[in-house]
Amino acid sequence: MSKLPDTEKTSKYDHIEKMDTLEILNHINEEDQSVAHAVSAVLPAIKALVDQIAMRMQQGGRLFYIGSGTSGRLGIVDASECPPTFGVPHDWVIGIIAGGDGAIRKAVEFAEDDQEQAWKDLQAYQPTSKDSVVGIAASGTTPYVIGGVQKAHENGLLTGCVACSSGSPLGEAVEFPVEVVVGPEFITGSTRMKAGTAQKMVLNMISTAVMIQLGRVQGNKMVDMQLTNTKLEKRGVRMLMDELDISEKEAFALLTKNGSVRGSIEAYKKSM
């Protein structure tokens, strides 16, 4: 019999349905507090993966996330946040979910069981050996994800994973595994809870650290963020006021003229 994934182990709580609301919330919160410590334990593995992805992206490569269910949705969330946050093209970081985009909102039955489909899905983007594929699967056993990273590796792409079970088949299938062991969920097997939180934290780290290495942060500021609404325009103005020690009126005029925080800073410094 195959090893039971850590994510499938029985909750240390029982008779949950008999708990009052505050008791439920306290226990969930107690479990959540262990997640950051579990992530801390695998920082060296995250670093190794980040450095490899960044090196390839500096050469024109892209980052692909593949997953199913909650894991796939988390990959799509992280990928979709990169353009507005860091001003990068939409095809630099791409999230792919088993069952297609319709599965973002509604589960597609058995989509995760097709070991050949992920590589087929990747073909729409014409992957090259400069690209990186990170498989996301809490249990580390999802056929869609394992098949995808295996084919990616065979074709020369960098492969990594974010799983929440130690010694998983997914971890063994990739070059740079990140396995964050968070232990049994409050509700047995409900990996949208601690495992999902851990995966989100790791994906935040991967994309943020990669973008910093690609020069998309200056000082501590998102100088390439897309100014797509009033809130972000005001944030851009504050960044310029802080960075250049100028008035709000001057900052607004600079931003209006140059269209970005980075462009405004460069234009101001050239004029001095």
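Our structure's up above, just so we're on the same page.
Please read all numbers here as calculations on a predicted model, not as lab measurements.

Attention now moves to the overall build of the protein chain. For the protein chain, the count of helices and strands is 11 helices and five strands. For the protein chain, the spread of C-alpha atoms along the three principal axes comes to 70 × 50 × 35 Å. Going through the 272 residues of the protein chain one by one, you find that 46% of them count as buried. Taking the intrachain contacts of the protein chain between residues at least 6 apart in sequence as the baseline, contacts between residues at least 24 apart amount to 69%. Of the roughly 13,800 Å² that the protein chain leaves accessible, carbon and sulfur atoms contribute 52%. One way to put it: in the protein chain the 27 positive side-chain charges average out to a point 7 Å from where the 34 negative ones average out.

A word on the environment of Leu-49. With respect to the secondary-structure elements, Leu-49 resides in helix 3 (residues 43–57). Accessibility expressed as a relative area gives 0% for Leu-49, which makes it buried. Sequence separation between Leu-49 and Gly-215 is 166 residues; the distance between their C-alpha atoms is 18 Å.

Moving on to the side chain of Ser-207. By secondary structure assignment, the location of Ser-207 is in helix 8 (residues 194–213). A distance of 3.0 Å separates the side chain of Ser-207 from the side chain of Asp-78, its partner in a polar contact. In contact with Ser-207, not counting residues within four places along its chain, are Tyr-65, Asp-78 and Cys-82.

Turning to the pattern of salt bridges, a few remarks are in order. One pass over the full model with this rule turns up 10 salt bridges. Between Lys-194 and Glu-31 there is a salt bridge whose closest N-O contact spans 2.7 Å. Taken together, the residues Lys-194 in helix 8 and Glu-31 in helix 1 (residues 21–32) connect sequence positions 163 residues apart. The burial state of Lys-194 is the same as that of Glu-31; both residues are buried. Among the salt bridges present, the one from Asp-224 reaches Arg-216, with a minimum N-O distance of 3.6 Å. Both residues of the pair, Asp-224 and Arg-216, belong to the buried class. A cluster of three or more residues bridged by salt bridges with shared partners is formed by Lys-12, Glu-31 and Lys-194.

Further remarks concern the sheet that holds strand 5 (residues 176–179). Read from one edge of the open sheet, five strands run 2-1-3-4-5, paired in parallel fashion. Each having just a single partner strand, strand 2 (93–97) and strand 5 make up the two edges of the open sheet. The average angle at which neighbouring strand axes cross in this sheet is 15°, direction not considered. The pairing of strand 1 (residues 63–67) with strand 3 (residues 132–137) spans five bridges and is parallel. The residue of strand 3 that forms the bridge with Phe-64 is Val-133.

About the thresholds
- Residues numbered from 1 in each chain as written.
- Predicted model: local features only at pLDDT ≥ 70, side-chain atom pairs only at ≥ 80, totals over all residues.
- Heavy atoms only, no water.
- Helix = DSSP H or I, 4+ residues; strand = E, 2+ residues; numbered from the N terminus.
- Buried < 20%, exposed > 50% of the residue type's maximum accessible area, 1.4 Å probe, protein only.
- Contact = heavy atoms within 4.5 Å.
- Areas by Shrake-Rupley, 256 points an atom, 1.4 Å probe, with all protein chains shown as cover.
- Lys, Arg positive; Asp, Glu negative; His and termini not counted.
- Charge placed at Lys NZ, Arg CZ, Asp CG, Glu CD.
- Polar contact = N/O pair within 3.5 Å; in protein donor to acceptor, adjacent residues only side chain to side chain.
- Salt bridge = Lys/Arg side-chain N within 4 Å of Asp/Glu carboxyl O.
- Pairing = 2+ DSSP bridges.
- Axes fitted to C-alpha atoms, helices over the stretch in contact; angles between N-to-C directions.

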